[in-house]
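Close look at the chain arrangement
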Amino acid sequence: MAKKEKSENTPKNFEAAILELEGLVQKLEAGELPLDDAMNSFETGMRLAKFCEDRLNDASGRIEKVMKDFAGKSEVLPLTQDELDELNPGESHDL
Amino acid sequence: MFRGHLRHLRFKIENGLSLIAHGSISIYEPRSTYQLLVDRCEPDGIGTLQLAFEQLKTKLKAEGLFDPAHKRPLPALPRTIGLITSLSGAVIHDMITVLKRRYPNINLLIHPVPVQGEGAALAIAGAIEWFGQNQAADILLVGRGGGSMEDLWAFNEEIVVRAIAGSSIPIISAVGHETDVTLADFAADLRAPTPSVAAELAVPERRQLLLNVARHQQRLTTTLETQLLRARQRLSASLHRLPTPSQSLDRARLHLADLEDRLVQSTHLRLRDERLKLAEIRQLLQAPDQLIMKAQNRLETAGLKLNHSLTTLMTQMKTRLQQAVLRLPLLDPLKILSRGYTIVSHADGRVVTRGAQLKENEPLLLRFADGQTHVRVEAKTN
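Residues numbered from 1 in each chain as written. Chains lettered and ligands numbered in written order. Predicted model: local features only at pLDDT ≥ 70, side-chain atom pairs only at ≥ 80, totals over all residues.

Right, let's talk about the overall build of chain B for a bit. For chain B, the count of helices and strands is ten helices and ten strands. By residue count, 21% of the 382 residues in chain B fall in the buried class. When contacts within chain B are restricted to residue pairs at least 6 apart in sequence, long-range pairs at least 24 apart make up 62% of them. (Helix = DSSP H or I, 4+ residues; strand = E, 2+ residues; numbered from the N terminus. Buried ≥ 20, exposed ≤ 12 C-beta atoms within 10 Å, placed from the backbone. Contact = placed C-beta atoms within 7 Å.)

Scanning chain A from N- to C-terminus turns up five helices and two strands. Helices (α) and strands (β) of chain A occur, in sequence order from the N terminus, as α-α-α-β-β-α-α. Contacts in chain A between residues at least 24 apart in sequence constitute 31% of all its contacts with a sequence separation of at least 6.

Each side of the interface is counted separately: chain A has 36 residues, and chain B has 31 residues. Counting residues per element, the ones that place at least two in the side of chain A that touches chain B are helix H2 (14-30), helix H3 (35-56), strand S1 (63-68), strand S2 (74-78) and helix H5 (89-92) of chain A. Looking at the side of chain A that touches chain B element by element, the count peaks at eleven residues for H3 of chain A. Residues of the side of chain A that touches chain B, tallied by class, amount to 19 nonpolar, eight polar and nine charged. For S1 of chain A and strand S4 (residues 107-112) of chain B, the ladder comprises three bridges, and the chain directions are parallel. Pairing of lysine 65 of chain A across the sheet is with isoleucine 110 of chain B, part of S4 of chain B. (Nonpolar A, V, L, I, M, F, W, Y, C, P; charged D, E, K, R; others polar. Pairing = 2+ DSSP bridges.)

Low pLDDT marks regions whose predicted coordinates should not be analysed in detail. Chain-level pLDDT for chain B is 86 on average; 98% of the residues reach the 70-or-more range. Across the interface, the model reports ipTM at 0.73; the global pTM reads 0.59. (pLDDT = per-residue confidence, 0-100.)

Attention shifts here to the packing of H2 of chain A against helix H8 (residues 206-241) of chain B. H8 of chain B packs onto H2 of chain A with a crossing angle of 25 degrees between their chain directions and a minimal axis gap of 9 Å. With respect to H8 of chain B, the axis of H2 of chain A lies roughly parallel. Judged by the twist between their axes, the crossing of H2 of chain A over H8 of chain B is left-handed. The residues of H8 of chain B that touch H2 of chain A, namely those facing Leu21, Glu22, Val25, Leu28 and Glu29 of chain A, are His216, Arg219, Leu220, Thr223 and Leu224 of chain B. Its residues assigned to classes, the contact of H2 of chain A with H8 of chain B comprises five nonpolar, two polar and three charged. (Axes fitted to C-alpha atoms, helices over the stretch in contact; angles between N-to-C directions. Parallel < 35°, antiparallel > 145°, perpendicular 65-115°, else oblique. Left-handed = near helix turned anticlockwise from the far one by under 90°.)

Another point: the pairing of strand S1 (residues 19-28) of chain B. Along any regular strand the residues' side chains alternate between the sheet's two faces. All names here are of chain B. Burial of S1 is sparse: only zero of the ten residues sit out of reach of the surface. Relative to strand S2 (residues 33-43), S1 is paired through ten bridges, and the arrangement is antiparallel. When the bridges of S2 are listed, histidine 22 appears paired with arginine 40. Turn length for the S1-S2 hairpin, with the two strands adjacent in sequence and antiparallel, is four residues, and the turn residue serine 32 shows positive phi of about 60 degrees.

The next point concerns the sheet that holds strand S3 (residues 80-85) of chain B. Here we have seven strands laid out as an open sheet, ordered S2(A)-S1(A)-S4(B)-S3(B)-S5(B)-S6(B)-S7(B), and mixed in their pairing. This sheet does not close on itself; its edge strands, each paired only once, are S2 of chain A together with strand S7 (190-191) of chain B. Sheet strands touched by helix H3 (residues 90-102) of chain B: S3, S4 and strand S5 (139-144) of chain B. Its angle to S3 of chain B, the strand with the most contacts, is close to 165 degrees. Of the strands in this sheet, S3, S5, strand S6 (171-175) and S7 of chain B are in contact with helix H7 (residues 195-202) of chain B, which crosses S5 of chain B at around 175 degrees.

Membership of the largest hydrophobic core comes to 58 residues, with the highest contact counts inside it found for Ile124, Leu141 and Ile164 of chain B. Take this core: its biggest share by element is seven residues, from helix H4 (residues 120-134) of chain B. Those residues in contact with leucine 141 of chain B that lie beyond four places of it in its chain are Ile81, Leu83, Ile84, Met95, Ile172, Ala174, Ala198, Ala199 and Ala202 of chain B. The next biggest cluster of nonpolar side chains, apart from the first, holds 18 residues, and it includes Cys52 of chain A together with Leu77, Leu220 and Leu224 of chain B. (Core = buried A, V, L, I, M, F, W, Y, C linked by C-beta atoms within 7 Å.)

Here we take up helix H2 (residues 48-63) of chain B. Residues and elements named next belong to chain B. End to end, H2 covers 23 Å across 16 residues, agreeing with the expected 22 Å (1.5 Å per residue, within 8%). Within H2, the full set of buried residues consists of Leu51, Ala52 and Phe53. Immediately beyond the C-terminal end of H2, within one or two residues, lies glycine 64, with a positive phi of roughly 90 degrees. (Expected span 1.5 Å × (residues − 1).)

All names here are of chain B. What the three strands build is an open sheet, ordered S8-S9-S10; its pairing is antiparallel. Pairing within the sheet leaves two strands with one partner each, and these edge strands are strand S8 (343-346) and strand S10 (371-376). Strand-to-strand twist in this sheet, taken as the mean axis angle between neighbours without regard to direction, amounts to 30 degrees. Here strand S9 (residues 363-368) runs beside S10; their pairing, made up of six bridges, is antiparallel.

Another point: unusual backbone geometry. Its identity is not glycine, yet serine 32 of chain B carries a phi of approximately 60 degrees, on the positive side. Considering the arrangement of structural elements, one finds serine 32 of chain B in the loop between S1 and S2.

Time to look at the environment of methionine 39 of chain A. Residues and elements named next belong to chain A. Relative to the assigned elements, methionine 39 resides in helix H3. Methionine 39 sits in the partly exposed class, given 15 other C-beta atoms within 10 Å. The spacing of methionine 39 and leucine 28 is eleven residues in sequence and 9.3 Å in space, taken between C-alpha atoms.

A few words on the pairing of S1 of chain A. Residue and element names in this part refer to chain A. Alignment of S1 against S2, held across five bridges, turns out to be antiparallel. Counted as the bridge partner of lysine 68 is serine 74 from S2. Hairpin geometry of S1 and S2 is characterised by an intervening segment of five residues between the two adjacent antiparallel strands and by a positive phi of about 85 degrees at glycine 72.

Residues and elements named next belong to chain B. Two numbers describe how H3 lies on H7: the axes approach to 8 Å, and their chain directions differ by 30 degrees. By the criterion of interaxial angle, the relationship of H3 to H7 is roughly parallel. Taken as a pair, H3 and H7 cross one another with a handedness that is right-handed. Facing Val91, Asp94, Met95, Val98, Leu99 and Arg102 of H3, the residues of H7 in contact are Pro195, Ser196, Ala198, Ala199, Glu200 and Ala202. Broken down by class, the residue content of the contact of H3 with H7 amounts to eight nonpolar, one polar and three charged.

This is the structure we're talking about:
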């Protein structure tokens, strides 16, 4: 039940959220909504905007690599500082 | 051509193909037949690789591996990008630079692979499968920098093309320069002309998206504020048109004041009545006190009178007693005896007052003033 409610309130993904947001803005700007509906739309819109922002801030920006250990099993490791210096110019030195 | 040599042939020998072959000629003596033992051969006119490319392309296309219907859409906002390429060289550097510039907080997961030479195709296919099995990224960038057809050959190998076509994660291929075309490009969901472009296609510009969201937010706010302002104006306009309530308020106030007065007055009247009643009751309550007082007075008076009469009585009694006491010595019989009189009494004490009472020989007691004597009657003489 709670899950269903959540799926109704939370957009499926970023694309869906921004599309819905754009639609709400257009409807509001058309100026034909009664005030109550307009305020509801506004709240929904702000929530969607927040969701979009959250999604845009979601990833943490980490850089990792997949390496095979001695047994041939793959594991995910962070890059060494040397590798970062080599590969990620934005963080260590200017281009 | 012996099997050992055939295995190293990159293309398939087909009917009608014109070949340039290298080898030796042998003669089978019993039958007098010649045999051409080819150890190397290449197609006449086009290169070996080109032929192999065309042959595999035809084969895989027939299988539907390059069908546009198989191509998956790229996620609009990937969180993690998988990079399958060599750790050394400019390609990965360029990709990371572009990715980080467009979307600074994107996560990158690099699966280093050799991109040419022995084992490269197997490693690339293995990396694609690893990402799929672990669902470790939202988009894969597979590629390498430019080079000869020989250098790029791993991306034309069947195992790589099949891995790309079968990947559960959308793939952008970026092999060589714009003019280099590989079978990997055909199988990928999106072909990028260069690795940098692949990076651009993989992620949106975060700054643009944030701006877009902010702009929409701003428009929401502005529109709603405008609508609220209009609504307020309409409300205040309507309020002005409403009949002023002050008149009816005044009426109500007067009515209230009147009610108040009446209430106060009736209360006063009632209070006065009650006070009168109370006074009456108080008087009634005081009456028994007076009764008691009167009774007390009477009682006191009676007591005084009684006292007085008692005193009088006692005085009279005292007087009478004194007179009696004064008369008493005159009556003392002993005083008479001293004058010679004797009291005669019977033996039992009774006083003899008459001679007739006496009997002969009766003992008698004679009392004198100074004592008594027993005697006997000798004879009666009447």
